[in-house]
Each structure stands twice: as C-alpha cells, then as structure tokens.
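Overview (structure and organization)
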Amino acid sequence: MAVQFSDKLRALAADQHALIFNRGIEREALRVDDTGSLARTTHPEFLGSKLCHPSITTDFSEAQLELITPVSNCIDATLEYLSEIHQFVTQGLEDEILWCASMPCVLAGDNDIPLAQYGPSNLGRLKTTYRNGLGNRYGRAMQTICAVHYNFSFSDTLWQALSEVEEQGGDAKSPGADYISRRYFDLMRNFRRLSWLPVYLFGASPAVCNSFVKGRAHQLDRFDEGSLYARGATSLRSSNLGYQSDAQSGLIDICYNSLDNYVRSLAKAITTPHDDYTRIGLKNEDEYLQVNANILQSEAEFYTTIRAKRVPPKGANFLKVLLEGGVEYLEIRLLDVNPYLPLGIDATEIRFLDMLLVYCLLTDSPEHDDALCKAVNDNVQTVVWRGRQPDTTLDDGGSARTLKDWGLEVIDSMQAIAKTMDNLHGGNQYSESLESQRLKLEDEQATPSGRILADMRSGSIPFFRFAMNKALAHRDDFRTDTLPKDRLEYFKELATTSILEQKQIEETDDGNFDRYLAELNAGYKDLL
C-alpha cells in the first residue's frame, strides 16, 4: 500500500533535523564599463585564479563572473557569504559594474566577446576549448546570458526517516546510494513536470537590448528604439533565444526515469557525432575549436532545468563517478537573475524552492513517457513566451488547464509543508513566501517580468537603462557597506592561495593536451 503524502511529511516533521537542507548558490554576472558595454579587461588580478578560486571564477567570457557560495544549511549564512563576495568584488572593480540582469548588456558582436582564459595547463586549456566550442556552436552572444544556479541536497537524517516510513517496517536502517538516487530521480521528474511554475514566478527576462539579436531571426516585438520584448514573456533566457538547443531537443532524449538511463543517454550524446559540429572542425592550426564534434562536448553542455550532481575527484570522469556513487545533490538551473535584488536571489525565493523540492519528493512520481516529456518541454516554452497572458493553458497529462488554476492547486498542496517548516524554524516566513507566490498567480503584474515591463513603460526607458539604473544602485549599496577587515583579509587570502594552486597545477602538468583530450573523450565510451 502506497504511503500517503501526509504520512511522509509527518514522519519528517518528527525529527527537527530532517528538514534542514544543504544549499549553495552560483550567481553569474557580466562586468561592464561605465557606459554599460561589456568590459574588455582581463579577469582582475585581485580576484585570484579563476581556475582554482573556490568562490570567484568566470563562466563563458573573461568578463562573466561566477560567484559561488560554499555549502551551508543556513539560508542567512548562504546569503551573507554571497553578499560578502559581491562586496569584495564590487569594492575592487574601480570603474566597472556588475550587470544585474540575465539578458546581457550592450554587445558589439561575437568578436568583441572574449573567451575566458584559464592558463596553459591541460585543465585550463580544456576549459577554454569547451567555451570556444560553445561559441562556435551557438554563437558567443547566447553565452553571455547569466543565471542563478541553486544547489540543493537533503540530509542523511531525512533519508533515514523517509526510508523508514516508505519501507513500512522493512530494513531501512541505512538507506544506501541506490535508494537515495532513485528518490532524487523521482523528485526530478516531478520538478521537471512543474518547471513552468518557477519559470513563471521568478522569470525576470521579458525584454532584451536590440544588440542581443542583431543579425538573427527572432519573434520579438519592438518595445522602443533600443529594446525588444514579447508581450506575455516571463523568461526569454529560457527560450530558443537563450539556453535552449535545437540540436539537443531534436537529437537526444535524456531520460529521468533512472540514474543508469540518465548517465548512459548523456554518454551516448557525448560520443555521437553531429554533422553541423563536424563541419566546424576540431582544430585551426594550434587552436582547438571544440572538445569534440559530437552532440554534446560534455555533460556540462546539457541544457535543462535540473541536473543530478556529485562532486568528482580531480581528473575523474563526472558521469562515471555519478553512476558509481549515486546522486549527491541537485542543481536547479532555471532561475533568472532578479534585477530588483542585489544578489539576484533572496530568502523568499529560496524558501519557496525548498518547499517545492520537498513537495516534488513526497508526491507520487510516475515515470515519464514520450508524451509527458513533450508536455514538460512544451509547457515551459508556453510560459516562457506567453505565461503572463490571461488564461494561458498548459498540458496536464493530456488535459488542458489554465496556468493560474494549476499553479494555485500546487500552492494549496504546499501549505502543509509551509506550516511544518514554520513550526520547525519558528515564525511564518515559509507561509509568507508561499503567499507571495500566490499573489503572482493572482496578478501577473506582481511577477518580476511584469514589474520590469511596467517600470520600463512608466519611466519611458529601454531595457538597457532599466538594468543599468538597477546595477548602479546595487553597486553603490555594496560600496557603502564596507567589508570588515577580517573578511577582507579572508578573501585576499583565497585569491593568493588560488594563484599558488594554479601555479602548482601548471608545474606538474605534462603539457600534452592532444593526449589529454583523447583520453577524456575516450572515457565516455566506457559508459555506453
């Protein structure tokens, strides 16, 4: 007999440690000059080595910072650390500014978007080669789009309590990796099915600068002389203008029904040639143009709303480590950078995500067939482009439902989780987070995307000016609140140590990149 949702939640609530979660945040931000154009400077020296620094690195471009928090089970501590990184970076950037939106600043063209450089070691060259491949496959402009990635895992205490109630008297003394991985995949299937909801609630990219789509076909409308938008859009970052790949959607079918299938289908994509990428070629004289000519260069190129993750040892094949050790944590990848928030994310958003992930874990999760997988993708794209239009309908198991009705049903179903979390932590912050999302379903103008367009209209300003104004305000706030001396010294020490670590890697590296790359690519074939 299946265990009811309420019984599972009651079992978790019985242990105050079961509903304490591990979190980490990765926030991406472009460096721009005082005119709002992408910075042409190299990665600032005071930030240390982007190859080795644990908290400050770069994503695609040399001008695209990625700010990373360590794992913590306290929301306030996570956000405080992220704020300190912002303060350290902002106070050292002099005339440069951190762009505050997902969609990029003014771009002069692909040739003016510099690739991130990580040094001459094999690992450093791999990172740059991978990014070169992304630029050659999708164009460099797309890669300047920024996001917030939310990393999340449950505690051993939760897995113990949940396995005991689900086994109903069976031997659940020490739930193993197989059980944990299976339940994480149950969660991920439900999360994917409901991915349209956080895209609607937190989407903050309804408009772009004209320069972003210059010379490309698009379906956007003119907002003003400098901006384009879609009338009901929530997150253009998640559209085919942003982090979507027609090649991926047409040629690979990554299944979330099991860890084994997930790993092997990714490995197949990483080892299957793609005609368009074969035409790009692998090398131009001494420059590698991409890691390989296959559908995916690596698992990192798989664009999706949520990923199964595990921290691999240095030099190890990630997919092999994931298959052997099981899922360690989840990476949620559908979050836009909210330009109204100095950090791009806040505690209210985090609390809702935590509750949604618990809801997805405790709710029945049937395996996905082809029809459901198609509905998952179609629903996200419907919300991306038309989510704020009245009476937008989605596909719920073959039946049409309005976004509002379905969303409110999910919110209502999460109320028990909010009350449980409030009882454990004190106060009513989880219930308040839930109610703030309910308001967005009741009024599309309360969404970040709705607010952005309303502010652009009321101020008669283009997207660029809206984002620049917010970025300048955030910069001033971070510069006003000076870092304490001990925290300043801490970040300086991290930078110094990272430079020494990169030097050590380069001194012990054999420098044979051809062999290194061949062995790397061959490693995926063992997983087929």
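Summary of the structure given here.

Section: the sheet that holds strand β6 (residues 207-209)
On the basis of which strands lie adjacent, the open sheet formed by three strands has the order β6-β8-β7 and antiparallel pairing. Since the sheet does not close on itself, it has two edges, and those belong to β6 and β7 (221-224), each with one partner. Neighbouring strand axes in the sheet, compared pairwise and without regard to direction, differ in orientation by 35° on average. Two elements, β7 and strand β8 (residues 227-229), share three bridges in a ladder whose sense is antiparallel. In the sheet register, D224 faces β8, and the bridge partner there is S227.

A closer look at the side chain of S433
Structurally, S433 can be placed in helix α16 (residues 429-442). Residue S433 is classed as buried on the basis of its relative accessible area, which comes to 2%. Those residues within four positions of S433 in sequence are excluded, and the remaining contacts are T348, R351, F352 and M355.

A word on unusual backbone geometry
One non-glycine residue, E285, adopts positive backbone phi at about 60°. Tracing the backbone shows E285 in the loop between β9 (283-284) and β10 (287-288). Unlike most non-glycine residues, D391 shows phi in positive territory, near 60°. With respect to the helices and strands, the residue D391 is situated in the loop between α13 (370-386) and β13 (393-396). A relative accessible area of 64% places D391 in the exposed class.

Remarks on the pairing of strand β12 (residues 329-335)
When you tally the buried positions in β12, you get seven out of seven residues, the bulk of the element. Inspection of the sheet shows strand β5 (residues 148-153) paired to β12 by four bridges, in the antiparallel sense. Paired with F152 across the bridge in β12 is L330. Relative to β12, strand β11 (residues 306-309) runs antiparallel, the two sharing four bridges. Along β12, the bridge assignment pairs K309 with Y329.

Observations concerning the pattern of salt bridges
Counted according to the given criterion, the structure contains 27 salt bridges. E301 serves as the salt-bridge partner of R137, at 3.0 Å between the closest nitrogen and oxygen. Of the two residues, R137 is situated in helix α3 (residues 122-138) and E301 in the loop between β10 and β11; the sequence distance between them amounts to 164 residues. A salt bridge links R183 to D186; the shortest N-O distance between them is 2.9 Å. Separated by three residues within a single helix, R183 and D186 lie in helix α6 (residues 177-193), roughly one turn from each other. D186 carries the same exposure label as R183, and that label is buried. Through salt bridges with shared partners, a single ionic network connects K8, E166, R183, D186 and R189.

What to know about the packing of α6 against helix α12 (residues 347-362)
Between two packed helices, both the angle of their axes relative to each other and the distance between the axes serve to describe the pair. One way to put it is that α6 packs onto α12 with a least axis distance of 8 Å and a crossing angle of 115°. The angle between the axes of α6 and α12 places the two elements in the roughly perpendicular class. Every pair of crossing elements has a handedness; the one defined by α6 and α12 is right-handed. Along the contact surface, α6 presents R183, D186, L187, N190 and F191, while α12 presents L356, L357, C360 and L361. Here the contact of α6 with α12 is built from residues that sort into six nonpolar, one polar and two charged.

Side note on the packing of aromatic side chains
The final tally for this structure, using the stated rule, is 25 aromatic pairs. Centre to centre, the rings of F21 and F152 are 5.2 Å apart; their planes meet at 45°, and the pair counts as tilted. Note that F21 is positioned in the loop between α1 (5-13) and β1 (22-32) and F152 in strand β5, a separation of 131 residues in sequence. The class of F152 is buried, set by a relative accessible area of 1%. Seen in terms of ring centroids, F152 and F154 are 4.9 Å apart; in terms of plane orientation they differ by 90°. Their pairing is edge-to-face. Of the residues examined, F154 reaches a relative accessible area of 4% and is grouped as buried. Through a chain of ring-to-ring contacts, the aromatic side chains of F21, Y150, F152, F154, W159, Y179 and Y184 assemble into a single cluster. Positioned above the aromatic ring of Y118, the side-chain terminus of K127 is 5.7 Å from the ring centre. Its end group placed over the ring of Y490, R487 keeps NZ or CZ at 4.4 Å from the ring centre.

Thresholds, definitions, all that
- Along each chain, the written sequence defines residue order, and numbers are assigned to residues from 1.
- Predicted model: local features are reported for residues with pLDDT of at least 70 only, side-chain atom pairs are reported and counted for 80 or more only, and whole-chain, interface and lining totals are derived from all residues.
- Hydrogens and water molecules were not included; the side-chain quantities draw on all heavy atoms of the structure.
- Paired strands are those between which DSSP finds at least two bridges.
- The helix count covers DSSP runs of H or I at least four residues long, the strand count covers runs of E at least two residues long, and both are numbered beginning at the N terminus.
- Only C-alpha atoms enter the line fits that serve as axes; for helices the fit covers just the stretch in contact. Angles between N-to-C directions range over 0 to 180 degrees.
- In this scheme, a residue with accessible area under 20% of its type's maximum is buried, one over 50% is exposed, and one in between is partly exposed, where area comes from a 1.4 Å probe on protein chains only.
- Any two residues whose heavy atoms approach within 4.5 Å are treated as being in contact.
- Each reported salt bridge corresponds to a side-chain nitrogen of Lys or Arg within 4 Å of a carboxyl oxygen of Asp or Glu.
- Orientation categories follow fixed angle ranges, with anything under 35 degrees roughly parallel, anything over 145 roughly antiparallel, 65 to 115 roughly perpendicular, and all other angles oblique.
- The handedness criterion is simple: a crossing whose near helix is rotated anticlockwise from the far helix by less than a right angle is left-handed, and one whose near helix is rotated clockwise is right-handed.
- Three classes are used, and their members are as follows: Ala, Val, Leu, Ile, Met, Phe, Trp, Tyr, Cys and Pro are nonpolar, Asp, Glu, Lys and Arg are charged, and the others, Gly among them, are polar.
- The pairing test for Phe, Tyr and Trp rings, Trp by its six-membered ring, is centres within 6.5 Å, and the orientation test on the planes gives stacked under 30 degrees, edge-to-face over 60, and tilted for anything in between.
- Working rule: Lys NZ or Arg CZ, within 6 Å of ring centre, within 35 degrees of ring normal, means a charge sits over the ring.

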